[in-house]
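These are the residues of each chain, in order.
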Amino acid sequence: MNVKWSEKGAVDFTTSKKRKTMDGILLSESAPFHVREAFKTIRTNLLFTLATTDSKAVVVASAMPNEGKSTTSANLAVALAQTGAQVLLMDCDLRKPSVHRLFKLPMDKGLTSVLCGIDKIEEALHENITPNLDIITAGPISPNPSELLGSTRMSDLLTIVQKAYDYVILDVSPVNIVSDAIIVAKQTAGILLIARQGQSRHDQLRKAIDSCEFAEVNILGMVINESKSASTSYYGYEYSKLDREAKK
Ligand SMILES: Nc1ncnc2c1ncn2[C@@H]1O[C@H](COP(=O)(O)OP(=O)(O)OP(=O)(O)O)[C@@H](O)[C@H]1O
Ligand SMILES: [Mg+2]
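Parameters and conventions
- Residues numbered from 1 in each chain as written.
- Chains lettered and ligands numbered in written order.
- Predicted model: local features only at pLDDT ≥ 70, side-chain atom pairs only at ≥ 80, totals over all residues.
- Heavy atoms only, no water.
- Helix = DSSP H or I, 4+ residues; strand = E, 2+ residues; numbered from the N terminus.
- Buried < 20%, exposed > 50% of the residue type's maximum accessible area, 1.4 Å probe, protein only.
- Contact = heavy atoms within 4.5 Å.
- Areas by Shrake-Rupley, 256 points an atom, 1.4 Å probe, with all protein chains shown as cover.
- Expected span 1.5 Å × (residues − 1).
- Pairing = 2+ DSSP bridges.
- Right-handed = clockwise from strand over helix to strand, strands pointing away.
- Salt bridge = Lys/Arg side-chain N within 4 Å of Asp/Glu carboxyl O.

A. Summary view of the overall build of the chain. Per the secondary structure count, the chain includes nine helices and 10 strands. With 248 residues in all, the chain has 54% of them scored as buried. Summarising the internal contacts of the chain: among those between residues at least 6 apart in sequence, 70% fall at separations of at least 24. Accessible surface, the chain as shown: approximately 11,600 Å² in total, 53% of it carbon and sulfur.

Okay, structure coming up:
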């Protein structure tokens, strides 16, 4: 059984084997119970993990494209904001941005235009998109994303937003394709690694984990997207603390 999300967050069930998408759908009171519960579990586990870190900024990354980074980062940001914490969601996937699409926001001002010095942060900030949640979209597509993300302006921006918000969630490009995620993650609490059931491969995950360890980037945990639970017939999310011994 697949789960199809409608634009209002309601859910339809179908026996079609064709994969359905969650385009434009965000966590809300009308979202299915199992999805809301799954994000609460991810949130709780993440909050426990962040309790021991100085930084409260989390990079949501995956090894390869299309594994659910943007969907998870958007919904995780909403779930965190629902606790009353002040949350910033920042689209750092400057190659294939999608936060603007999920929240139907303009892209003319965003991270790239702030990092180029064209706009001030306040001009690019979309405030209270849902209660307690602010968003910075990726901005206009730039020819040099890695340089922008590795710039001093980016470090300064990350320092500023980490002071201003309780939590900062960063959507990024895939770890195994470009170095952007690792560049950004080095200045945060670490990476929440997304894998997609039936799609992510063990060797790809291993490569992503090795890249994190080589760069001394903390892996905060792992989310299995579209996991099929044994106890229910729903596709959902599962969070696990990464067992570092298991990969040896
Ligand atoms: N649990 C899920 N159930 C159904 N569809 C999903 C689920 N998670 C993600 N999707 C869909 O899969 C597609 C890819 O998801 P998403 O854009 O979040 O992945 P991504 O890792 O950010 O991709 P990219 O690497 O291209 O940035 C989207 O169409 C999204 O709506
Ligand atoms: Mg994405």
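B. Layout of the environment of valine 217. Tracing the sequence through the fold places valine 217 in the loop between α9 (202-214) and β9 (219-228). Classification of valine 217 as buried rests on a relative accessible area of 6%. Other than its neighbours up to four places away in sequence, valine 217 contacts Ile182, Ala185, Lys186, Ile191 and Cys212.

C. Focus on α9. Counted at 1.5 Å a residue, the expected span for α9 with its 13 residues is 18 Å, and the 18 Å between its end C-alpha atoms agrees. Here the buried face of α9 lies against α8 (180-185), β8 (190-196) and β9. Glutamate 216, located one to two residues past α9, shows a positive phi value of around 55 degrees.

D. Region of the structure containing the environment of alanine 138. Its location among the elements puts alanine 138 in the loop between β6 (133-136) and α6 (145-149). Taking the C-alpha atoms as reference points, alanine 138 and serine 113, separated by 25 residues in sequence, lie 8.5 Å from one another. Filtering out sequence-adjacent residues up to four positions away, alanine 138 remains in contact with Asp91, Asp93, Leu94, Pro97, Gly110, Leu111 and Thr112.

E. Region of interest: the pairing of β9. In terms of residue burial, β9 counts as a mostly covered element, since eight of its 10 residues are buried. Summarising the sheet, β8 and β9 pair through six bridges and their orientation is parallel. Bridge pairing in β9 links alanine 195 to isoleucine 224. With respect to chirality, the unit in which β8 leads through α9 into the neighbouring parallel β9 is right-handed.

F. Main features of the pattern of salt bridges. Scanning all chains against the criterion turns up five salt bridges. The partner of lysine 109 in a salt bridge is aspartate 119, and the shortest N-O contact between them spans 3.4 Å. Of this pair, lysine 109 sits in the loop between α3 (99-102) and α4 (111-115) while aspartate 119 is found in the loop between α4 and α5 (121-124), placing the two residues 10 residues apart along the sequence. On the basis of relative accessibility, which here comes to 33%, the residue lysine 109 falls in the partly exposed class.

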